[in-house]
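The lines below spell out each chain.
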Amino acid sequence: MTSTHNDLGSVQLDLVDSAEQAQKFLSWLGERRPMGAIAVDIETGEIPGRNPKHALSPWHGKIRLAQVGDGEHGWAIPWDEWAGVFYQGMIPYEGPIICHNIAFEAKWFTVQSRWKFPWAQAHDTMLMSQIIKPNRRTHALKPLTAELVDSRAASLQSQLDDAFKLNGWTWGTIPVNFQPYWLYGALDPVITTRLALDHFYKWVQPGAPYSEAYELEMAVRRIATTMEVNGARVDLDYSQKQYDELTQYTESVSAWGQSRYGASTTSNIQMVRTFEALGAEITMRTKSGGKSVNEEQIQMLIRDGNPEVKSLAEAILSQRKAAKLAGSYFLNFTNQAVDGILHPSINIMAARTSRMSITEPALQTLPSGDSKVRNAFIPRNEGEVIISSDLDQVEFRLTANFSEDKALIELFHEADRTGGDVFTSIMRQVYNDNTLEKSDKRRKLIKGVVYGKLYGAGVDKMALTAGVGSDDMRAVVDAFDASYPGIKRFQKNIENEGMRRLSEEGEAYVTTNTGRRLPADADRVYSLTNYKIQATAAEVFKQNLVKIDKQNLTDYMVVPVHDEIVLSVPEGDAEEAKVVVQEAMTTREGWDVPLTSGAEGPFLRWGDKYN
């Protein structure tokens, strides 16, 4: 079956539905083409009768179509009937293979096919787009195509939407020979090839401005996909027990609220009224303008409220935390695990700064330093233990490097020599008291100042986070700035350079060591300091993952969370692995303040590290 699709001119789209078409596809695959490059894509669906959400899970769904194409010709191959033709053509193929969102295709092919995904030949136009223009509104295939190739490229999507509604189809039940469906699929490798060869590859190819950043992201994408496929084992009995206890607690708080105040502790409107009746002032607002008892408001009530207001605010905060732990983590662990193994999705470029995030479940939002959720994670295999390595205050160390503040640099050197704590040292200097210990509550103020500056927070926000008054925090900020003026100078230099670039080049931006360019919105030039630090920290962490990969430890990696990598290793190799991983996670060359790391374990549960 052949169809010519006019949305992109003379593009030809074909469905492999006969031996003759299969032979034509194999002959086409052997033709000469620009750079010898083809693109590969798949369409997936749920097993009929199962949850439609399974259409996106290689552990629950199924491949419906595999598509192969170049810039002029696309092929759709029904998987159940003609997968053998795909294997016959693609297993020996040695040219460049392009995907858009390679994380999706690579994972599905690894789990559900016998095609060993050829990472050495692979490219990803989504990663290219994210690197070249990180502030683009979306990096999805169809919007990119509409912007750069043909504005009519999304027309097949609307036809499919109408067909789904009219026939009650899902991605798992739509017939593979329904023409709008297979045309939709066959077009994807065509537009992917055009995006790569006509628009993106020139920016990321060897020697191009973004080649180093692209090479790093592709390497990390391979490593992250291995972690996704191998997964993380969780203790399902523990998870169920925690879910039950946390749910019972949230219900008890609700019952207490109804009994004491005649109001629901989970209702924003009722809590606004209750707090105001208790004499509190509600200053936060929802997007629509209504009063809001959001987390920031709750923190203000805990800090400034009368005893009863404070008690109610603390109860609500505890209830919300318990509900989040129960629903976002423990319930998801039990629902999403496959034979006790979670397969989280690792987005290696979730933010403009290329920071990673983890969803399904959302491990990137794990409470810092909390063992309760982490205790659900146990070694992946019998005879293994957990080890982990975490970068030491990497963003603060980078700030010291960028600021070139001699006093701050020496402070880190002293802490590294003696095993001391840099925040305690700063606290002693700011308060001019060398007897202060790490346990002193003022250390929290110092951390609030440091990280508040890194994230661009104002004094009021720093004060709220630390739970102190704004005047108290202002005094600490002033003392800190006086002791370490290089940081403020660094921030000012970044902003001034950003404003100059905005004026002369039309865009305010900073660059990283790999040449990555990070633009800020014109009204948010102040965010460039944060971009510089966060993006560099992200690249350092990713480079460390590549170093671990080169030590043949990739299959032991479990999950990266923030600046920490967790591994499940054979018990007898744990001590040696800790040494190797810690060295790989440490970067000394090129930095006045080395970017160090620790290595901890062995543990029988990840949470043991935090107990």
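The residue numbers shown here count from 1 along each chain, following its written sequence. In keeping with the model being predicted, local features are shown solely for residues with a pLDDT of at least 70 and side-chain atom pairs are shown and tallied solely at 80 or more, while totals for entire chains, interfaces and linings include all residues. Hydrogens and water are ignored here; the side-chain numbers use all heavy atoms of the structure.

1. A look at the overall build of the protein
Alright, step 1. A tally of regular secondary structure across the protein gives 22 helices and 17 strands.
Alright, step 2. With C-alpha atoms as the basis for the radius of gyration, the globule rule is written as 2.2 Å multiplied by the number of residues raised to the power 0.38. Rg of the C-alpha trace for the protein: 27 Å, near the compact-globule value of 25 Å for 611 residues, within the 12% margin.
Alright, step 3. Dimensions along the principal axes, computed over C-alpha positions, put the protein at roughly 85 × 60 × 60 Å.
Alright, step 4. We call two residues contacting when some pair of their heavy atoms lies within 4.5 Å. Sequence-distant contacts in the protein: of pairs separated by 6 or more residues, those separated by 24 or more amount to 67%. A run of H or I in DSSP becomes a helix once it reaches four residues, and a run of E becomes a strand once it reaches two; helices and strands are each numbered from the N terminus.

2. Considerations on unusual backbone geometry
Alright, step 1. Omega for the peptide link from Glu360 to Pro361 comes to 5°, which places this bond in the cis form.
Alright, step 2. Mapped onto the secondary structure, Pro361 falls in the loop between strand E11 (357-359) and helix H13 (371-374).
Alright, step 3. The amide bond that connects Gly601 to the next residue, Pro602, takes the cis arrangement and shows omega of 5°.
Alright, step 4. Relative to the assigned elements, Pro602 resides in strand E17 (residues 597-603).
Alright, step 5. Here Met35, not a glycine, exhibits a phi torsion of approximately 60°, which is positive.
Alright, step 6. One non-glycine residue, His562, adopts positive backbone phi at about 60°.
Alright, step 7. Here His562 is to be found in the loop between strand E15 (557-561) and strand E16 (564-570).

3. Remarks on the packing of helix H15 (residues 406-418) against helix H16 (residues 422-430)
Alright, step 1. Only the stretch in contact is used when a helix axis is fitted, and all axes are lines through C-alpha atoms; the angle between N-to-C directions ranges over 0 to 180 degrees. It is the contact of H15 with H16, at a shortest axis distance of 9 Å, that shows an interaxial angle of 130°. Between H15 and H16, the crossing angle belongs to the class labelled oblique. Relative to H16, the crossing made by H15 is right-handed. Of the residues in H16, those in contact with Leu408, Leu411, Phe412 and Ala415 of H15 are Val422, Ser425 and Ile426. Roughly parallel here means an angle under 35 degrees, roughly antiparallel means over 145, roughly perpendicular means 65 to 115, and every remaining angle is called oblique. In a left-handed crossing the near helix is turned counterclockwise from the far helix by less than a right angle, and in a right-handed crossing that turn is clockwise.

4. Considering the side chain of Thr424
Alright, step 1. Tracing the sequence through the fold places Thr424 in helix H16.
Alright, step 2. With relative accessibility at 5%, the residue Thr424 sits in the buried group.
Alright, step 3. Apart from residues lying up to four places away in sequence, Thr424 is in contact with Leu436, Glu437, Lys438 and Arg443. Burial classification: accessible surface area is computed with a 1.4 Å probe over protein chains only, and a residue below 20% of its type maximum counts as buried, one above 50% as exposed, and the rest as partly exposed.

5. Focus on the sheet that holds strand E12 (residues 384-391)
Alright, step 1. With antiparallel pairing, four strands are arranged side by side in an open sheet as E15-E16-E12-E17. In the strand order of this sheet, the two ends are held by E15 and E17, each with one partner. On average, each strand axis in the sheet is tilted by 20° relative to the strand beside it, whichever way the strands run.
Alright, step 2. Looking at chain direction, E15 and E16 are connected through four bridges and run antiparallel. Looking across to E16, one finds that Val559 is bridged to Val566. When DSSP finds two or more bridges between a pair of strands, those strands are recorded as paired.

6. Here's the deal with the pairing of E12
Alright, step 1. In terms of residue burial, E12 counts as a mostly covered element, since seven of its eight residues are buried.
Alright, step 2. By the bridge criterion, seven bridges tie E12 to E16 in an arrangement that is antiparallel. When the bridges of E16 are listed, Glu384 appears paired with Pro570.
Alright, step 3. Sheet analysis places E12 next to E17, joined by five bridges and oriented antiparallel. The residue bridging Ser388 from the neighbouring strand is Glu600, located in E17.

7. Details of the pattern of salt bridges
A pair can form between side chains of opposite charge whenever their charged atoms are brought close.
Alright, step 1. Here, a salt bridge means any Lys or Arg side-chain nitrogen found within 4 Å of an Asp or Glu carboxyl oxygen. Under the counting rule described, the total for this entry stands at 39 salt bridges.
Alright, step 2. One salt bridge in this structure joins Asp70 and Arg33, with 3.0 Å as the shortest N-O distance. In this pair, Asp70 sits in the loop between strand E4 (61-69) and strand E5 (73-78) while Arg33 sits in the loop between helix H1 (19-29) and strand E3 (38-46), placing the two residues 37 residues apart along the sequence. Side by side, Asp70 and Arg33 carry an identical accessibility label, which is buried.
Alright, step 3. The salt bridge involving Arg443 is made with Asp421; its shortest N-O contact spans 2.8 Å. Placement of Arg443 in helix H17 (residues 442-454) and of Asp421 in the loop between H15 and H16 is noted, with a sequence separation of 22 residues between them.

8. Notes on the environment of Pro594
Alright, step 1. Tracing the chain through its elements places Pro594 in the loop between helix H22 (574-584) and E17.
Alright, step 2. Beyond its immediate chain neighbours, meaning those up to four positions away, Pro594 contacts Arg397, His413, Asp416, Thr587 and Arg588.

9. Side note on the packing of aromatic side chains
Alright, step 1. Pairing of aromatic rings covers Phe, Tyr and Trp, the last through its six-membered ring, and needs centres within 6.5 Å; plane angles under 30 degrees mean stacked, over 60 mean edge-to-face, and all others mean tilted. Per the counting criterion, the structure on display carries 31 aromatic pairs.
Alright, step 2. Aromatic side chains Phe25 and Trp28 sit 6.0 Å apart centroid to centroid with 25° between the ring planes, which places their arrangement in the stacked category. Within this pair, Phe25 and its partner Trp28 are both found in helix H1, separated by three residues, close to a single helical turn.
Alright, step 3. What makes Phe25 buried here is its relative accessible area of 0%.

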